[in-house]
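# Observations on the model geometry
Next come the chains, spelled out residue by residue.
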Amino acid sequence: MLYNVKGRLTVSEVNYIVVECGGIGFKCFTSLNTVKEVGKIGDEVNVYTYLAVREDAMDLYGFATLTELEFFKLLISVSGVGPKAAVAILSELSPDRLALCIASGDSKAITKAQGVGQKTAQRVVLELKDKMGVIATPEASQAVISASTVSQSSNTAEAVEALVALGYSQSDAAVVVGSMDKSLSVDEMIRQGLKQLAKNL
């Protein structure tokens, strides 16, 4: 119903903002990423919105980018994930990072979101994995492709497992190893992966 709200930012809190448009203040629940990106109090802002209608409430959710809104819609399409859980996930992970976690099967990173348990995180990965290449930004799409090639080679899968055992996240390890020459030995992949991951810290 409401595609976007454009106006002056009058309130900015941890989990919502208020955009005044035509004398009406629209309270939009949102992620920490949008709160950081959208602007300062008094700025003219534009947020892309989603109206969640329940029996007892009508809540407006707003996001700084269309990509974040699309990820919000994808997340709430997963069984057991409501708008609050979706916002919590998007507060913890940017859309690009979330796409990468889903593509590489890194449900552990998703559990860092407040109120999101292991089962819910695994369901997010399972139900959305096939949709990541379509919706992610060009940068994330490349990382998603790299991460998804990992499962096609036993060497790369073994190298990723070793890097995860050394304390790196599944998604970071999958991206680094996924971009390597598949003919390298497991040891060489691990050595190069450690070097690359140390640079990224």
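My aim in this report is to walk through the structure given alongside it, one point at a time.

With that settled, the discussion passes to the pattern of salt bridges. Side-chain pairs of opposite charge can arise where the charged atoms are in close proximity. In total, this model carries six salt bridges according to the counting rule given. A salt bridge links Lys73 to Glu70, with the shortest nitrogen-to-oxygen separation between them at 3.9 Å. With Lys73 and Glu70 both in helix H2 (residues 66-76), this residue pair falls three residues apart, about one helical turn. What makes Glu70 partly exposed here is its relative accessible area of 32%. Among the ionic pairs, Arg97 bridges to Asp172, the shortest N-O distance being 2.7 Å. You can see Arg97 sitting in helix H4 (residues 95-103) and its partner Asp172 sitting in helix H10 (residues 170-178), a full 75 residues away along the chain. Taking the relative accessible area as the measure of exposure, Arg97 reaches 26% and is therefore partly exposed. Salt bridges sharing partners connect three or more residues here, namely Arg54, Asp56 and Asp59.

Let us now look at the pairing of strand S4 (residues 44-53). Sheet analysis places strand S1 (residues 4-12) next to S4, joined by five bridges and oriented antiparallel. Following the sheet pairing, Arg8 is matched in S4 by Glu44. Pairing of S4 with strand S5 (residues 58-63) involves six bridges; the strand directions are antiparallel. For Tyr50, the partnering residue across the bridge sits in S5 and is Tyr61. Linkage of S4 to S5, two consecutive antiparallel strands, is achieved through a turn of four residues.

Turning to the layout of surface pockets, a few remarks are in order. Considered as a void within the structure, the largest pocket measures approximately 390 Å³ in volume. Around the largest pocket, the lining is made up of 15 residues, and of these Asn15, Lys84, Val87, Ala88 and Ser91 lie nearest the centre. At the level of elements, S5 and helix H3 (83-92) are the ones that each hand at least two residues to the lining of the largest pocket. Broken down by element, the lining of the largest pocket gets its largest block of residues, five residues, from H3.

Along helix H6 (residues 118-128), the positions that sit buried rather than exposed are Thr120, Ala121, Val124, Val125 and Leu128. Around the axis of H6, the buried residues are gathered within 140 degrees of arc, so they sit on the same side. When the buried face of H6 is taken as reference, the exposed residues oriented beyond 90 degrees from it are Lys119 and Leu126.

What counts and what doesn't
- Residues numbered from 1 in each chain as written.
- Predicted model: local features only at pLDDT ≥ 70, side-chain atom pairs only at ≥ 80, totals over all residues.
- Heavy atoms only, no water.
- Salt bridge = Lys/Arg side-chain N within 4 Å of Asp/Glu carboxyl O.
- Helix = DSSP H or I, 4+ residues; strand = E, 2+ residues; numbered from the N terminus.
- Buried < 20%, exposed > 50% of the residue type's maximum accessible area, 1.4 Å probe, protein only.
- Pairing = 2+ DSSP bridges.
- 1 Å grid on protein atoms, 1.4 Å probe; cavity = no way out; pocket = protein on both sides within 12 Å on 5 of 7 lines; lining within 4 Å.
- Points joined across faces, edges and corners; volume = space filled by probe spheres on them.
- Arc of directions from axis to C-beta.

Such coordinate-based values are descriptive only and should not be taken to indicate function.
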